[in-house]
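# A closer look at the structure
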Amino acid sequence: MAKILKRERLVPNVHVIEVEAPEIVRKCQPGQFVIIMPDKKGERIPLTVADWDKKKGSITSVFLVVGTSTHKLAELKAGDDIPVFVGPLGKPSEIEKFGTVLVAGGCFGIAAIYPIARALKQKGNKVITLIDVKANYLLYWEEKLRAVSDQFHVSSRDSFYDCKEYIPHTLESLLKKEKKIARIHSIGCTYLMYTCAEATRPYEIQTLVSLNPIMVDGTGMCGACRVTVGGKTKFACVDGPDFDGHLVDWDELFMRRKSYFDDEIHSMCYWEKKNFP
Amino acid sequence: MADNKKDMPPELKEKLKAGFNQEWRKELRKSFPMKERMKIKRQKMPERNPDERNQDFFEVNRGLRAKAAVAEAKRCWDCANPQCVKGCPVGIDIPAFVKMIEIGDFDQSVRKLKETNALPAICGRVCPQEIQCEVVCNLKKATGTPVAIGNLERFVADYEREKGDMFIPSLPPSTGKKVAIIGSGPAGLTVAGDLALKGHKCTIFEALHVPGGVLWYGIPEFRLPKKILEAEVDYLKKLGVELRTNFVVGLTATLKELKKEGFDAFFVGTGAGLPNFMRIPGENLVGVYSANEYLTRVNLMRAFEFPEYDTPVYLGKNAVVLGGGNVAMDSVRTAKRLGAEESTIVYRRSRVEMPARIEEVHHAEEEGIKFHFLTTPTQFIGDDRGHVKAMECIQMELGEPDDSGRRRPIPIEGSEFIMEADLVVVAIGNSPNPLIPQTTPQLKVGRWGNIEVDWDTMATSMKGVYAGGDIIRGGATVILAMGDARIAANEMDKYLQNHKKK
């Protein structure tokens, strides 16, 4: 059992959750994730750790409401107990002094990229942050991210911020402008990570992506999260979640992520009917 | 690898002899001659009708009734030199508990059992008795059918649980020593039970949200109802064992960090939680599962109750399970219960080489499972949505025996054919879980990623750290894991007695 300290809607469909987890905090590093279950009947879902507070002993994550279990999570409030909050899982992101690093995030990835940007900045890198939102009202954590970035750019399709194109185009213009980018780290939906990796491929800049396949146990036991990277099968939960975006078999990942599409709709309808008749 | 043909330890020999010479046992032996005992037929385990049970997840075996159990116990000769005890990896005093059933003292019988086995209701169900205690039974040598020791073990354990008051043995005063047990599978639970009875404070760390390890996520409800597992875990809690679920040793805290927290000794029983795959094209198609994932979805996440539970699982029309072990049988029978029209085992060797228990194979056949022997897939074929729809297979013939002693399967050239399959479960074994070895560099690890131990003591290369079960063996059985645990617990107790707190 773990206690929820906070659960708030940040922007439409995106929520932040802070959970009491003194043990996980001690070990948590950027790029790692936790597995959470909203209630005893829920799914085990992986969430990238977005922030932590060592004094308070708490872990913060941001999630997109998409299926039944995330809907259930979005219904929780401070003081509620959840049956599963386990971690930190996966390998931490590689944090070295690379020079100039561009971090790109969208959706829940805006938060997930934050600790990586912070750690890179602390290591003495020049951090260029590029965030993608569909519209200006979907941006959150701007202040937090600005505080750890040397440059801060937002791609939003409503022309509210500096760029109005989808993230890969903005990324490309940044790559042309900033010649010295040593590596790129992107987190967000699969499509965002895929397009980022494709945009950087011609430039041969190392592009890390934090993969988000379906998981069950998260400790390497089941193999649900297998992905093909460089022609080899890897388990995202123990070999990742960070992989070289230029080596990932994206078609397979898209396909596997859609494995339970019909079941997910069925499950949502069932849950909604039961709880909101 | 250790085997169970070792000589009995002298303490056990003496204990058996003392029991054998008890007056009541002498009387009992005299009261009913061996010849008469031989005339009693082995009592049949009542089973649910196959056509009914393959539609649900309720238990297949119903358990012996009291009258049948007493009759079965009468078959036992109460031998002076009981081979069955030698056959048991944990050295249960089998004649003693069986004779107590014969005289109708079920309460004493279960207490006798629990002196050596904290998990009798589980072992009575999942141990392969036919290759352990029952295979060496002297009655089997004489009549061909051994005493149904496993069924009797299950009977008394169920009797006590159903009666509602579990006997809790009196515990010795606390030694003040703390033991960390990593993994709550059969090995970990056994070590905890044994060391708690010796007065040590045991804490079990479990990565998942429920204790039991493979007993929970692997073995299906119809073979081991989870309420029975819960009851046995509950018994351990009553012995003072602490359980910490949602704790991944290696990641949440390393072994070294736990040591700093004041644990004096460690037992690593993290199992074979790394699924092996075929490594053939198309294996990552949607609808191809490892047995671990398939069974975890169904047993742990309760996908058989979807959508009441959120976790889904594929319900194939043509379910194919690759492999011939117990896990393969569990998977194929699960697929049938989830509604597959055809549920088929595809195995590369022939029937006799299948490592599954005969009882499980028999149950599977009764339930309408098909078997396709001497066949192996060469690739999986998907539809346009990336979902598996068929397998290309090749036929095999058996050559010379390999390292395992089983005849090696050799592909027959040109024998390829297509088999329809919209759900595939790969059940070809597991490798040891790498988490502890990876995060504990001081631990010596063998060729297969298994933790290396001294087989006489189960001690690893690190002082005060012991290991047992699938983490040292690769994929084996529940009772072998418990046997390792028994040896480790004894050694750990000795170690703790000499160990001074810093």
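Residues numbered from 1 in each chain as written. Chains lettered and ligands numbered in written order. Predicted model: local features only at pLDDT ≥ 70, side-chain atom pairs only at ≥ 80, totals over all residues. Heavy atoms only, no water.

Before going further, it helps to examine the overall build of chain B. Scanning chain B from N- to C-terminus turns up 21 helices and 16 strands. Partitioning the contacts of chain B with sequence separation of at least 6, the portion at a separation of at least 24 is 70%. Looking at chain B as shown, the accessible area adds up to about 20800 Å², and 52% of this sits on carbon and sulfur atoms. The averaged location of the 68 negative side-chain charges in chain B is 6 Å from the averaged location of its 72 positive side-chain charges. (Helix = DSSP H or I, 4+ residues; strand = E, 2+ residues; numbered from the N terminus. Contact = heavy atoms within 4.5 Å. Areas by Shrake-Rupley, 256 points an atom, 1.4 Å probe, with all protein chains shown as cover. Lys, Arg positive; Asp, Glu negative; His and termini not counted. Charge placed at Lys NZ, Arg CZ, Asp CG, Glu CD.)

Here we come to the layout of surface pockets. Residues and elements named next belong to chain A. The calculated volume of the second largest pocket comes to roughly 1100 Å³. In terms of lining residues, the second largest pocket is bounded by 41 residues, among which V66, N212, I214, R257 and E264 are the most central. When contributions to the lining of the second largest pocket are tallied by element, the ones reaching two or more residues are β4 (45-53), β5 (58-64), α2 (68-75), α7 (190-200), α9 (250-257) and α10 (261-275). A per-class count over the lining of the second largest pocket returns 25 nonpolar, nine polar and seven charged. (1 Å grid on protein atoms, 1.4 Å probe; cavity = no way out; pocket = protein on both sides within 12 Å on 5 of 7 lines; lining within 4 Å. Points joined across faces, edges and corners; volume = space filled by probe spheres on them. Nonpolar A, V, L, I, M, F, W, Y, C, P; charged D, E, K, R; others polar.)

Under the criterion given, the structure shown has 19 aromatic pairs over all chains. Within the aromatic cluster, the residues linked to one another by ring pairs are Y191, Y194, W250 and F254 of chain A. Note that R118 of chain A overlies the ring of W52 of chain A, its terminal NZ or CZ placed 5.1 Å from the centroid. Note that K178 of chain B overlies the ring of F263 of chain B, its terminal NZ or CZ placed 4.7 Å from the centroid. (Phe/Tyr/Trp six-rings, centres within 6.5 Å; stacked < 30°, edge-to-face > 60°. Lys NZ or Arg CZ within 6 Å of the ring centre and 35° of its normal.)

The next subject is the pattern of salt bridges. Residue and element names in this part refer to chain B. By the definition in use, this model includes 58 salt bridges over all chains. Between E102 and K99 there is a salt bridge, and its shortest N-O distance comes to 2.5 Å. Residue E102 and its partner K99 are located together in helix α7 (residues 94-102), separated by three residues, close to a single helical turn. Classification of E102 as buried rests on a relative accessible area of 10%. Residue K99 is classed as buried on the basis of its relative accessible area, which comes to 1%. E115 serves as the salt-bridge partner of K112, at 3.4 Å between the closest nitrogen and oxygen. Of this pair, K112 and E115 both sit in helix α8 (residues 106-116), three residues apart, which is roughly one turn of that helix. Connected through salt bridges with shared partners, the residues R53, R223, D330, R333, R337, E360, E366 and E367 form a single ionic network. (Salt bridge = Lys/Arg side-chain N within 4 Å of Asp/Glu carboxyl O. Buried < 20%, exposed > 50% of the residue type's maximum accessible area, 1.4 Å probe, protein only.)

A separate point is the interface of chain A and chain B. On the chain B side, the residues contacting the 43 residues of chain A number 43 residues. Interface of chain A and chain B: buried area, both sides summed, is about 3700 Å²; carbon and sulfur atoms make up 54% of it. At the boundary of chain A with chain B, the tally comes to six salt bridges. A salt bridge links K27 of chain A to E257 of chain B; the shortest N-O distance between them is 3.0 Å. For the interface between chain A and chain B, the tally reads 23 residue pairs in polar contact (both at pLDDT 80 or more). The set of elements that each furnish at least two residues to the side of chain A that touches chain B consists of α1 (22-27), α2, β7 (84-89), β13 (226-229), β14 (232-235), α9 and α10 of chain A. With six residues, the single largest contributor to the side of chain A that touches chain B is β7 of chain A. For the side of chain A that touches chain B, the class distribution of residues is 17 nonpolar, 12 polar and 14 charged. (Buried area = accessible area lost by both parts, 1.4 Å probe. Polar contact = N/O pair within 3.5 Å; in protein donor to acceptor, adjacent residues only side chain to side chain.)

Once that is clear, we can look at empty space enclosed by the protein. Residue and element names in this part refer to chain B. Within this structure, the stated rule accounts for four cavities of 30 Å³ or more. Taken as a whole, the largest cavity spans an internal volume of roughly 140 Å³. In terms of lining, the largest cavity is formed by 16 residues, of which the most central are C76, C79, C84, C137 and N138. Listed by contribution, the elements that provide at least two residues to the lining of the largest cavity are α6 (83-87), α7 and α10 (138-143). Across the lining of the largest cavity, the residue classes tally to 13 nonpolar, two polar and one charged.

This next bit is on the sheet that holds strand β10 (residues 151-156) of chain A. Residue and element names in this part refer to chain A. What the six strands build is an open sheet, ordered β10-β9-β8-β11-β12-β15; its pairing is mixed. Every interior strand has two partners, whereas the edge strands, β10 and β15 (242-244), have only one. The average angle at which neighbouring strand axes cross in this sheet is 20°, direction not considered. Bridge count for strand β11 (residues 181-187) against strand β12 (residues 206-210) is four bridges, and the pairing is parallel. Directly across from R183, in β12, lies its bridge partner Q206. (Pairing = 2+ DSSP bridges. Axes fitted to C-alpha atoms, helices over the stretch in contact; angles between N-to-C directions.)

To continue, consider the domain arrangement of chain A. All names here are of chain A. Looking at chain A, the domain boundaries give domain 1 (2-89) and domain 2 (93-210). The centre of domain 1, based on its C-alpha atoms, is set 23 Å off from the matching centre of domain 2. Listed as interface residues are 16 residues of domain 1 and, on the opposing side, 16 residues of domain 2. With both sides pooled, the region where domain 1 packs onto domain 2 buries about 1200 Å², and carbon together with sulfur makes up 68% of that total. The largest per-residue losses of area from domain 1 upon contact with domain 2 belong to V11, P30 and D51, which jointly make up 35% of the total buried on that side. Counting across the domain 1 and domain 2 interface gives two salt bridges. The tally of links between domain 1 and domain 2 comes to three residue pairs in polar contact (both at pLDDT 80 or more). Of all the elements in the fold, those that place two or more residues in the side of domain 1 that touches domain 2 are β1 (2-11), β2 (14-20), β4 and β5. In terms of residue count, the dominant contributor to the side of domain 1 that touches domain 2 is β4 (five residues). When grouped by side-chain class, the residues that make up the side of domain 1 that touches domain 2 number 12 nonpolar, three polar and one charged. (Domains from an automatic or database assignment.)

Here we come to the nonpolar core. Taken as a class, soluble globular proteins show a tendency for nonpolar side chains to be buried jointly. Residues and elements named next belong to chain B. Ranked by size, the top nonpolar core spans 141 residues in total, and within it I94 and F97 carry the most contacts. For this core, the leading source of residues is helix α21 (residues 478-498), giving 10 residues. Residues within four places of F97 in sequence aside, it is in contact with I92, S109, K112, L113, I149, L152, E153 and V156. V286, A319, A340 and M354 belong to the second-largest nonpolar core, a separate cluster that totals 33 residues. (Core = buried A, V, L, I, M, F, W, Y, C linked by side-chain atoms within 4.5 Å.)

Bringing the domain arrangement of chain B into the picture now. All names here are of chain B. When its domains are assigned, chain B resolves into domain 1 (5-163), domain 2 (178-273 + 431-498) and domain 3 (277-428). Here the C-alpha centroids of domain 1 and domain 2 sit 27 Å apart. Both faces considered, domain 1 and domain 2 share a buried interface measuring about 2100 Å² in area, 71% of it formed by carbon and sulfur atoms. When the area that domain 1 buries against domain 2 is broken down by residue, the three leading residues are L119, I122 and V126, summing to 26%. One can count zero salt bridges joining domain 1 with domain 2. Counting the contacts that link domain 1 with domain 2 gives six residue pairs in polar contact (both at pLDDT 80 or more). Put simply, the parts of the chain that give the side of domain 1 that touches domain 2 at least two residues each are α8 and α9 (120-126).

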